[in-house]
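Below are the chains, spelled out letter by letter.
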Amino acid sequence: MKRKKVDRGKSGQALVITALVILLLVISTFYYLYDIMKARPESSERSLNDYVLMVRLGSMHTLVSSLANVTGGGENQLLVVNLEVWSNKLKEECPYGYCLLNFQPWNFSPYSSGFYIFWGDNGFGISSCLVTFNLTIYGRNLQSTFEYSINVTTSINVQGFYSVGNENLKHVTVVCNVFNEGSPALAQSFNLHYQNGSSWIQVQSYGLTDYGNGTYRITFDAYTSTTPVHVSVKACDTRQIYVQANATCSES
Amino acid sequence: MRIQKCRKGQIRILEAFFAALLIFSSLFLISAPSTTNNDESNSLYTVGINALLQLDSDGSLSKLIKKKDWNALRDILRQTLPSGIWFNLTILDGQGNQLNDVVISNGGQVSDTIVSVEYLCAASNPSYSIYILHLQLARAD
């Protein structure tokens, strides 16, 4: 009976050691698997950031396209139509599973349906579009939400002066400053008019000095009996967005 | 009877050791993830998408597509991507029709390991359109 007790005791010790070895192996297996799984989120996170950047760029281009179209005479509803096309395409081509882009055109003063287009008589004109976005991405082990807003703005400042020539001839000089999102920007073309009585006459030829920093000096001759001279400048920036401002020139 | 009981215990221990050995050996059967391959793919993906993001940032990507200037697009990609990287770009319109009628590539495929980058490009010109770009990349072996 004594011998039996000793045997049992030894067998138990060995089992405990074996259990510990197995435990060690199980732990090492879990650590090994954890190490494998750890590497994946980093790479997917990096590609997710690139994807979000792509969506933001596309959203911005959609706004630029819509604003260019609307300032060129298109309908205001085009913004929502274009954004829906963009949102649907993102949903169709989502690499993660499900991508949902919600948008809300800004409707608080001075914006209306995402647009603020003010072409004033005081030498200042602005064409602007503002939309807030909410991007939600659902995927395997992934759910991310990104909120951002995009503002596309082209503005112009116009100042002018003139000197009187023979009879109705006026030598007009106009200085324009073009801005994109508040920073000086280049213009692609200008379209000028001056007032003669109650009608507006288009300037057929003008001299243009481009200072390369968003500042332009335009000179032309106006045949008008109206004093002071009223000018209207319509500029198109490099994104094909139009902006216009009217100004009253002072006699120099 | 005593001897048999003693042997039973030994066998249990042996069984446990063999089981442990089996679990341990199974680890070797699992192919270790080739981290170098993953890193390589991630790096190629980043290079590719950054090149497209850079081109698209000022709207020049959609302008080149609209003008169907495939040669200019190939030259720009050749300059933007590091040397030693093979690329092949396919451009589709919103309906999935292929737009480029010539191959936009810098030569023959240099490796079997190809990374694919899908990019959606919205045009910024007044006539709105969306393009789907498939950029395949491979690094020379």
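Being a predicted model, the structure only gives us computed values, none of them experimental.

What counts, and at which threshold
Residues numbered from 1 in each chain as written. Chains lettered and ligands numbered in written order. Predicted model: local features only at pLDDT ≥ 70, side-chain atom pairs only at ≥ 80, totals over all residues. Contact = placed C-beta atoms within 7 Å. Helix = DSSP H or I, 4+ residues; strand = E, 2+ residues; numbered from the N terminus. Nonpolar A, V, L, I, M, F, W, Y, C, P; charged D, E, K, R; others polar. Pairing = 2+ DSSP bridges. Buried ≥ 20, exposed ≤ 12 C-beta atoms within 10 Å, placed from the backbone. Arc of directions from axis to C-beta. Domains from an automatic or database assignment. pLDDT = per-residue confidence, 0-100. Core = buried A, V, L, I, M, F, W, Y, C linked by C-beta atoms within 7 Å. Axes fitted to C-alpha atoms, helices over the stretch in contact; angles between N-to-C directions.

Undergrad: Sorry, what's going on with the interface of chain A and chain B here?
TA: By a widespread convention, an interface's size corresponds to the accessible area lost as its parts come together. Residue-level contacts link 38 residues of chain A with 37 residues of chain B. It is helix 1 (residues 2-71) of chain A that contributes the most residues to the side of chain A that touches chain B, 28 residues altogether. Its residues placed into classes, the side of chain A that touches chain B shows 17 nonpolar, 13 polar and eight charged.

Undergrad: When you look at the sheet that holds strand 1 (residues 85-92) of chain B in this model, what are you seeing that I'm missing?
TA: The strands making up a sheet associate through hydrogen bonds between their backbones, and the pairing can be parallel or antiparallel. Residue and element names in this part refer to chain B. Spatial ordering of the open sheet is given by 2-1-4-3, a layout of four strands whose pairing is antiparallel. Of all the strands in the sheet, just strand 2 (104-105) and strand 3 (115-122) have a single pairing partner and so form its edges. Judged from the eight bridges that link them, strand 3 and strand 4 (residues 130-139) form a sheet pairing that is antiparallel. Its bridge partner being in strand 4, A122 is matched across the sheet by I130.

Undergrad: What's the story with helix 3 (residues 60-67) of chain B in this structure? I'm lost.
TA: Residue and element names in this part refer to chain B. Considered for burial, the residues of helix 3 that qualify are L61, S62 and I65. Down the axis of helix 3, the buried set is contained in an arc of 90 degrees. They therefore lie on one face. One or two steps after helix 3, the chain reaches K68, where phi turns positive at roughly 55 degrees.

Undergrad: Is there a simple way to explain the domain arrangement of chain A in this structure?
TA: Residues and elements named next belong to chain A. Segmentation of chain A into domains returns domain 1 (40-152) and domain 2 (155-251). A C-alpha centroid distance of 33 Å is found between domain 1 and domain 2. Contact residues are listed per partner, giving 14 residues for domain 1 and 15 residues for domain 2. At the level of elements, helix 1 and strand 3 (124-139) are the ones that each hand at least two residues to the side of domain 1 that touches domain 2. Across the side of domain 1 that touches domain 2, the residue classes tally to six nonpolar, seven polar and one charged.

Undergrad: What exactly am I supposed to notice about the pairing of strand 1 of chain B here?
TA: Walk down a regular strand and you will see the side chains alternate between the two sheet faces. Residue and element names in this part refer to chain B. Here strand 1 shows a buried face lined by I85, F87, L89 and I91 and an unburied face lined by W86, N88, T90 and L92. Alignment of strand 1 against strand 4, held across eight bridges, turns out to be antiparallel. Within strand 4, the residue paired with I85 across the bridge is R139. Looking at chain direction, strand 1 and strand 2 are connected through two bridges and run antiparallel.

Undergrad: Looking at this structure, how should I read the confidence of the model for chain B?
TA: Close inspection of predicted coordinates is inappropriate for parts of the model with low pLDDT. Averaged over chain B, the pLDDT score is 84; the fraction of residues at 70 or greater is 86%. Quick note on the complex model: pTM equals 0.79, ipTM equals 0.77.

Undergrad: Honestly, the nonpolar core in this entry has me stumped. Any pointers?
TA: A general feature of soluble globular proteins is that nonpolar side chains tend to end up buried together. Membership of the largest hydrophobic core comes to 75 residues, with the highest contact counts inside it found for C176, V231 and V233 of chain A together with L52, Y119 and L133 of chain B. By residue number, the principal contributor to this core is helix 1 of chain A, which donates 10 residues. Apart from residues no more than four positions distant in its own chain, C176 of chain A is found in contact with I156, N157, V158, Y216, I218, V233 and A235 of chain A.

Undergrad: Just to check I follow, could you spell out the sheet that holds strand 7 (residues 187-196) of chain A for this structure?
TA: All names here are of chain A. Spatially, the four strands line up as an open sheet ordered 8-7-11-12, and their pairing is antiparallel. Strands with a single pairing partner mark the edges of an open sheet, and in this sheet they are strand 8 (199-202) and strand 12 (242-248). Ignoring which end each strand starts from, the neighbouring axes of this sheet average 25 degrees apart. Bridge analysis of strand 7 against strand 11 (residues 230-237) gives seven bridges, and the strand direction is antiparallel. From the neighbouring strand, Y194 faces strand 11, where its bridge partner is V231.

Undergrad: Got a minute to help me understand the environment of T46 of chain B in this structure?
TA: Looking at where T46 of chain B falls in the secondary structure, it is placed in helix 2 (residues 35-56). Separated by 71 residues in the primary sequence, T46 of chain B and V117 of chain B place their C-alpha atoms 9.0 Å from one another.

Undergrad: Sorry if this is basic, but what is going on with the confidence of the model for chain A here?
TA: The predicted model of chain A averages 90 in pLDDT, with 91% of residues at 70 or higher. Per-element mean pLDDT across chain A ranges from 78 in helix 1 of chain A up to 97 in strand 2 (residues 115-119) of chain A.

Undergrad: Help me understand unusual backbone geometry, please; the structure alone is not making it clear to me.
TA: With glycine set apart, most residues show a phi of negative sign, and most peptide bonds adopt trans. Residue and element names in this part refer to chain A. Cis peptide bonds are those with omega within 30 degrees of zero, and the linkage from S109 to P110 qualifies with 10 degrees. Tracing the chain through its elements places P110 in the loop between strand 1 (97-105) and strand 2. One non-glycine residue, S113, lies in positive phi territory at about 55 degrees. Looking at where S113 falls in the secondary structure, it is placed in the loop between strand 1 and strand 2. Its 14 C-beta neighbours within 10 Å are what place S113 among the partly exposed residues. If you check the backbone angles, E181 has positive phi at about 50 degrees while not being a glycine. On the basis of neighbour count, E181 is assigned to the exposed category, with 11 C-beta atoms found within 10 Å.

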